[in-house]
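Next come the chains, spelled out residue by residue.
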2 protein chains.
Amino acid sequence: MADSSSKRGKKFQGPKGTRDFYPREMARRRYIEQAWRNVAIRHGFDEIEGPTFESSDLYAVKSGEGILGELFQAFSGKSPEDVEQVMKTGRAPYALRPEFTPTLARMFADKAASMPRPTKWFAIPIHYRAERPQRGRLREFLQWNADVIGDESPRADAEVIAVAVDMFSELGLSSKQLTVRLSNRDLVSEMLAGIGVAADDISRALMLLDRRDRLPAGEFDKGCAEINLDPVAFIAGLDAVQKSMNDALAAMENGKPRPEIESDSPAIANLIGLLEALAAHGILKWCEFDFSIVRGLAYYTGTVFEITAGSERAIAGGGRYDKLIEMFGGPPTPAVGFGMGDVVLSLVLEEHGLMPDDAGLAQSLNQRPDAFVFAAGGPECDAALVPLVAEMRRAGLHARRSYKSTNKIDKLLKDAAASFARCAIIIDEGFSKGTVATKDLDDGTQHIIKRSDLLAWVRERRGVSKE
Amino acid sequence: MADSSSKRGKKFQGPKGTRDFYPREMARRRYIEQAWRNVAIRHGFDEIEGPTFESSDLYAVKSGEGILGELFQAFSGKSPEDVEQVMKTGRAPYALRPEFTPTLARMFADKAASMPRPTKWFAIPIHYRAERPQRGRLREFLQWNADVIGDESPRADAEVIAVAVDMFSELGLSSKQLTVRLSNRDLVSEMLAGIGVAADDISRALMLLDRRDRLPAGEFDKGCAEINLDPVAFIAGLDAVQKSMNDALAAMENGKPRPEIESDSPAIANLIGLLEALAAHGILKWCEFDFSIVRGLAYYTGTVFEITAGSERAIAGGGRYDKLIEMFGGPPTPAVGFGMGDVVLSLVLEEHGLMPDDAGLAQSLNQRPDAFVFAAGGPECDAALVPLVAEMRRAGLHARRSYKSTNKIDKLLKDAAASFARCAIIIDEGFSKGTVATKDLDDGTQHIIKRSDLLAWVRERRGVSKE
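Per chain, residues are indexed from 1 in the order of the written sequence. Chains and ligands are labelled sequentially in the order written, the chains with letters from A and the ligands with numbers from 1. Given that the model is predicted, a residue must reach a pLDDT of at least 70 before its local features are reported, and side-chain atom pairs must reach 80 or more before they are shown or counted; all residues, however, enter totals for whole chains, interfaces and linings. Side-chain metrics in this entry use all non-hydrogen atoms of the structure; hydrogen atoms and water are not considered.

Focus on the overall build of chain A
Looking only at helices and strands, chain A has 16 helices and 17 strands in total. We take the radius of gyration over the C-alpha atoms and set the globule estimate at 2.2 Å times the residue count to the 0.38 power. Here the C-alpha atoms of chain A give a radius of gyration of 29 Å, more than 25% beyond the 23 Å that 2.2 N^0.38 yields for 467 residues. On the principal axes, the C-alpha backbone points of chain A span a range of 95 × 70 × 45 Å. The buried label goes to any residue with under 20% of its type's maximum accessible area, the exposed label to any with over 50%, and the partly exposed label to all in between, with areas taken from a 1.4 Å probe on protein chains only. The buried share of chain A, reckoned over its 467 residues, is 58%. Every residue pair with non-hydrogen atoms within 4.5 Å of one another is taken to be in contact. Within chain A, contacts between residues separated by at least 24 positions form 67% of all contacts whose residues are at least 6 apart in sequence. Only the protein chains shown count as cover for residues, with accessible areas throughout obtained via the Shrake-Rupley method and a probe of 1.4 Å. For chain A, the accessible area works out to roughly 19,200 Å², and carbon and sulfur atoms hold 50% of it. Here the positive residues are Lys and Arg and the negative ones are Asp and Glu; neither His nor the chain ends is included. Lysine's charge is taken at NZ, arginine's at CZ, aspartate's at CG and glutamate's at CD. The distance from the centre of the 61 positive side-chain charges to the centre of the 67 negative ones in chain A is 8 Å. The helix count covers DSSP runs of H or I at least four residues long, the strand count covers runs of E at least two residues long, and both are numbered beginning at the N terminus.

Set out below in structure tokens:
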């Protein structure tokens, strides 16, 4: 220490693709977290959390060993077995979680017998992905998850979509800016089978369709040919169904009766159930059917959806995973949920001017100081500052103080206003006679009040300016 | 998928030493987080956060390569360079953060020029340690950090101690249950030098003293002998100073003038400054001097302290780290702070019966449902349930609903009470005529009210039961 303390050391940066949240960035993060939490709670979801890292097997069992090449992996530097395993195989015993669904399924499976049906859970976990950082995509990010477990009906699908939609409203976003795109994997699978794709090739077909926009055209065509999939005929068939579903949606949205849809497909019947459940929630105007969505994750069954905003990538995505809890050792348990990351959501809020400024954030987060206190008199006034501020804080008030040695009241009042405090408390000559000077920074009025009335006076300001 | 869906998979557990937070455990965690956040904010600290993993060098530079053997290390499974490095050396490029101070110092150093003096930051980071889990010690835990940066005076030390003490009061703990033990590394170093320990051996002496209770007696004595440290004489000298400082503390606590302490030691002068600053905050009754505390971390300078509760290990610990920001490339910047983990704090709260029950947690976290809604009539009543609940939620109310198909009102009212809802809303035969039945679950009164008055009536209940 003695050596290095005599000169500046090397500067460090946080790892690429991670973020340092200084107070301003943190207030924005908290603003989003607060909206997620408040809306989830008022929709009757209970909050849960799990470890930020899980056993690598949890992901490998579900998606194959290859998935570990997409993740951050971790090991105990203290465990000789861990270190040996990593050195020998390049595979670590743990992985930083890339998503929450496996953790949730593991937790539910473990206590399934004592869990209510439905169980409604939400979480605000941190996630990690080992990919190259780019706009809207980081290596460490927050994600809001909401899941309904134990209800196989489309009512549960509508319930998780409704909580997402209400959260957007809470943040000032509308159905003009966001669209919930609904699809159903069973429908897409049925139609693939209908045009001659073999049962064993369906998963591969879904994967190809999911990556269609990202694959080179030649590769997509080659893949289709290999599994006997005629993409043109397939998409034409899908579009026809999509149109009739969207016509039904439009009619219901306009208060007309739902047109009959002739079909003996269970997937279509399920989609009609979803349509009616969404209507009951009053959120049809946010929704449309888009059967090009199949979602990349292999565990999805039935309903899948994405929520998109203009040209940005999906702001949220989710669907049913009716087999996963059983796969993790639980009883057969239907489940549906979504994940919404903070990175794209923040970009969308900024783009629409919906991220509050610093004053708005202080107000929204209930972080406006009740009082900004300073001394502007002799040494007795200076000596009274810390005890007064300590007393206010002990009484539950949010008190900030000046650390400057100046006595210039104008300058200090400016600092008070910059802190977004509701009022300034000035310890001046009157203090020895039992009074303090105050200024209400919301209405500009100035007062001399009794020291003994101070706490009540400050509390009253809080009540007044709460609206 | 098709294969594994037909039978149950293997059950997984979370990694050893980590926790699954089901709703009840999560509510307890949120209760502690809320107290930490509220108290830090009312003391004028701003919240920050950093990445959960950092470059391994950040820790190795400060504490030597050996520290990585105590940490969870991480690497990108997608980066061939990362994987190659790990396989070759057993050392990964990243480490899961074991504490927050290096991240904080890195962040401050990076933006030091634009930061106010003092800067007051708090954080509620997740931390990781690779050690064997035991009572009060896990491999993944939360820690509350509060730091004052840019003020070298003991006033700043008192300020971080005051926020910790106020947090204990907030949770119902008192100075009867907790003690803030104050020490000063410079004083201990001065006294080691005074009895003949060479300057180069001081760090080693501090390390020995920190581990005294954990080392085998023979090893401690051998270590002392090697650096010319007579522990008996040393401790006798330290005890004498400690007694005079504690006498001064006791006198001031009883409102008497502070006795003169004859000394030309700068460390003693600093401790007297701390005493006076603690008196200004009105928290002397929580404090005592205990110079056996030197703290294990090498970066501490000057003031160090631990907060202990009975026989449990330290509930919090901290001190000055006046060289660290410079070591991480910033300008010379004094700083002081502490960390408080959630694991020991939870044990202490449980032990003293201070962790609220489920109803108390719902109240404290502002998570009581405003209404529990159910239908108890014909199919029209059932059909009205989702739209009514959706409308209440859109209006910002926390509405829960029954998912049971029963019509038995007594049973449903029991469910409503179990949810801690303020009131029950019953959609019955009156609904078609524009009324709903309600029951205030706090005072037991029942009412028939107009459908159009419902939202206002529920909002009013919230106002009434807020106290």
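Digging into the interface of chain B and chain A
Of the residues lining the interface, 103 residues belong to chain B; the matching set on chain A comes to 103 residues. Here chain B meets chain A over a buried area of about 9,100 Å², counting both sides, of which 58% is carbon and sulfur. By definition, a salt bridge exists where a carboxyl oxygen of Asp or Glu is found within 4 Å of a side-chain nitrogen of Lys or Arg. Between chain B and chain A we count 8 salt bridges in total. A salt bridge links Glu70 of chain B to Lys78 of chain A, with the shortest nitrogen-to-oxygen separation between them at 2.9 Å. Polar contact is the term for a pair of N or O atoms within 3.5 Å; when the atoms are in protein, one must be able to donate a hydrogen and the other to accept it, and sequence-neighboring residues count only if both atoms are side-chain atoms. Our count for the contact surface shared by chain B and chain A stands at 43 residue pairs in polar contact (both at pLDDT 80 or more). Computed with a 1.4 Å rolling probe, the buried area is the accessible surface lost when two parts are put together, summed over both parts.

Observations regarding empty space enclosed by the protein
The definitions used throughout rest on a 1 Å grid laid over the protein atoms alone, on which a cavity is an enclosed set of points accommodating a 1.4 Å probe that cannot get out and a pocket is an open set flanked by protein within 12 Å on both sides along at least five of seven lines; lining residues are those having an atom within 4 Å of a point. Grid points are joined across faces, edges and corners, and a volume is the space filled by probe spheres set on the points. For the structure on display, the rule yields 4 cavities of 30 Å³ or more. The volume enclosed by the largest cavity comes to roughly 340 Å³. Considering the residues around the largest cavity, the lining is formed by 23 residues, among which Arg29, Glu33 and Ile124 of chain A together with Arg29 and Glu33 of chain B are closest to the centre. Counting only elements with at least two residues in the lining of the largest cavity, the list comes to helix H1 (23-42) of chain A together with helix H1 (23-42) of chain B. In this structure, the second largest cavity encloses a volume near 90 Å³. In this structure, the second largest cavity is lined by Arg19, Phe21, Arg29, Ile126, Glu140, Phe141 and Leu142 of chain A together with Glu49, Gly50, Pro51 and Thr52 of chain B. The element contributing the most residues to the lining of the second largest cavity is strand S7 (residues 140-149) of chain A, with 3 residues.

Some thoughts on the sheet that holds strand S13 (residues 371-375) of chain B
All names here are of chain B. Taken in spatial order, the 5 strands of this open sheet run S14-S13-S15-S16-S17, and their pairing is mixed. Because the sheet does not close on itself, it has two edges, and the strands there are strand S14 (399-401) and strand S17 (446-450). The mean inter-strand angle of the sheet, taken between neighbouring strand axes irrespective of direction, is 30°. We call two strands paired when DSSP finds no fewer than two bridges between them. Where strand S16 (residues 435-440) meets S17, 5 bridges bridge the pair, whose relative direction is antiparallel. In the strand pairing of S17, Val436 is matched with Ile449. Between the N-to-C directions of two axes lies an angle of 0 to 180 degrees, each axis being a line fitted to C-alpha atoms and, for a helix, fitted only over the stretch in contact.

A word on the pattern of salt bridges
Counted according to the given criterion, the structure contains 73 salt bridges over all chains. Glu65 of chain A is the salt-bridge partner of Arg91 of chain A, the closest N and O atoms lying 2.9 Å from each other. Taken together, the positions of Arg91 of chain A in the loop between helix H3 (80-89) and strand S4 (94-96) and Glu65 of chain A in the loop between helix H2 (56-63) and strand S3 (72-76) put the pair 26 residues apart, joining distant regions of the chain. Take Arg91 of chain A: its relative accessible area is 19%, and that puts it in the buried class. The salt bridge involving Asp110 of chain A is made with Lys111 of chain A; its shortest N-O contact spans 3.9 Å. A relative accessible area of 25% places Asp110 of chain A in the partly exposed class. Salt bridges sharing partners connect three or more residues here, namely Arg29, Arg30 and Glu33 of chain A together with Arg37 and Glu47 of chain B.

Description of the environment of Leu361 of chain B
Residues and elements named next belong to chain B. With respect to the helices and strands, Leu361 occurs in helix H13 (residues 358-364). With 297 residues separating them in the primary sequence, Leu361 and Gly64 have C-alpha atoms 44 Å apart. Apart from the residues lying within four places of it in its own chain, the contact partners of Leu361 are Ala27, Arg28, Tyr31, Met355 and Pro356.

Considerations on helix H7 (residues 202-210) of chain B
Burial in H7 of chain B covers these residues: Ile202, Ala205, Leu206, Leu208, Leu209 and Asp210 of chain B. In this structure, the buried residues of H7 of chain B make contact with helix H6 (185-194), helix H8 (217-226) and helix H9 (231-253) of chain B.

Remarks on the side chain of Asp342 of chain A
All names here are of chain A. When you line up the elements, Asp342 lands in helix H12 (residues 342-351). Of the polar contacts made by the side chain of Asp342, one reaches the side chain of Arg19; its length is 3.0 Å. Sequence-distant contacts of Asp342, defined by excluding residues within four places in its chain, comprise Arg19, Ile32, Trp36, Phe141 and Leu142.

Notes on the relation of the copies chain B and chain A
The copies were overlaid by least squares, fitting only the C-alpha atoms of residues that reach a pLDDT of 70 or more in each copy. For these two chains of identical sequence, chain B goes onto chain A by a turn of 180° and a shift of 0.0 Å along the axis, with RMSD 0.1 Å. In short, the pair behaves as if placed about a two-fold rotation axis. A shared interface surface links the copies, since 100% of the contact residues of chain B are contact residues in chain A too.

Structural notes on the packing of aromatic side chains
Each Phe, Tyr or Trp ring (for Trp, its six-membered ring) is paired with any other whose centre lies within 6.5 Å, and the angle between the two planes then decides the class: stacked below 30 degrees, edge-to-face above 60, tilted in between. This structure, assessed with the given rule, holds 31 aromatic pairs over all chains. Relative to Phe53 of chain B, the ring of Phe72 of chain A lies with its centre 5.0 Å away and its plane at 45°, an arrangement referred to as tilted. Of this pair, Phe72 of chain A sits in strand S3 while Phe53 of chain B is found in strand S2 (residues 53-55), placing the two residues in two different chains. The pair formed by Phe72 of chain A and Phe53 of chain B is uniform in burial state, with each residue classed as buried. Relative to Tyr321 of chain B, the ring of Tyr299 of chain B has its centre 6.1 Å away and its plane inclined at 75°; by these criteria the two rings are edge-to-face.

Some thoughts on the sheet that holds strand S17 (residues 446-450) of chain A
Residue and element names in this part refer to chain A. Spatially, 5 strands are ordered S14-S13-S15-S16-S17 in an open sheet, and the strand pairing comes out mixed. Since the sheet does not close on itself, it has two edges, and those belong to strand S14 (399-401) and S17, each with one partner. Pairs of neighbouring strands in the sheet enclose a mean axial angle of 30°, with direction left out of account.

Looking at the pairing of strand S3 (residues 72-76) of chain B
The two faces of the sheet receive side chains in turn, since in a regular strand these alternate between them. With 5 of 5 residues buried, S3 of chain B is to be regarded as a mostly interior element. Side chains Phe72, Ala74 and Ser76 of chain B project from S3 of chain B onto one buried face, and the interleaved Gln73 and Phe75 of chain B project onto a second face that is buried too. Relative to S3 of chain B, S3 of chain A runs antiparallel, the two sharing 5 bridges. What sits directly across from Ser76 of chain A, in S3 of chain B, is Phe72 of chain B. Alignment of S3 of chain B against strand S4 (residues 94-96) of chain B, held across 2 bridges, turns out to be antiparallel. Bridge pairing links Ala74 of chain B to Tyr94 of chain B in S4 of chain B.

Some remarks on the domain arrangement of chain A
You can read the domains of chain A as domain 1 (23-358) and domain 2 (369-464). Taking only C-alpha atoms, the centre of domain 1 of chain A and the centre of domain 2 of chain A are 51 Å apart. Here the limits of each domain have been adopted from an automatic or database domain assignment.

Remarks on the packing of H7 of chain B against H8 of chain B
Residues and elements named next belong to chain B. For the pair H7 and H8, the least separation of the axes is 10 Å and the interaxial angle reads 165°. By the angle class used here, H7 and H8 are roughly antiparallel. Both H7 and H8 take part in a crossing whose hand is left-handed. Here H7 contributes Arg204, Leu208 and Leu209 to the contact with H8, which in turn contributes Phe220, Gly223, Cys224 and Glu226. Three categories are distinguished: nonpolar for Ala, Val, Leu, Ile, Met, Phe, Trp, Tyr, Cys and Pro, charged for Asp, Glu, Lys and Arg, and polar for the others, with Gly belonging to the last. Across the contact of H7 with H8, the residue classes break down as 4 nonpolar, 1 polar and 2 charged. Note on angle classes: values under 35 degrees are labelled roughly parallel, values over 145 roughly antiparallel, values of 65 to 115 roughly perpendicular, and the remainder oblique. We call a crossing left-handed when the near helix sits turned anticlockwise from the far one by less than a right angle, and right-handed when that turn is clockwise.

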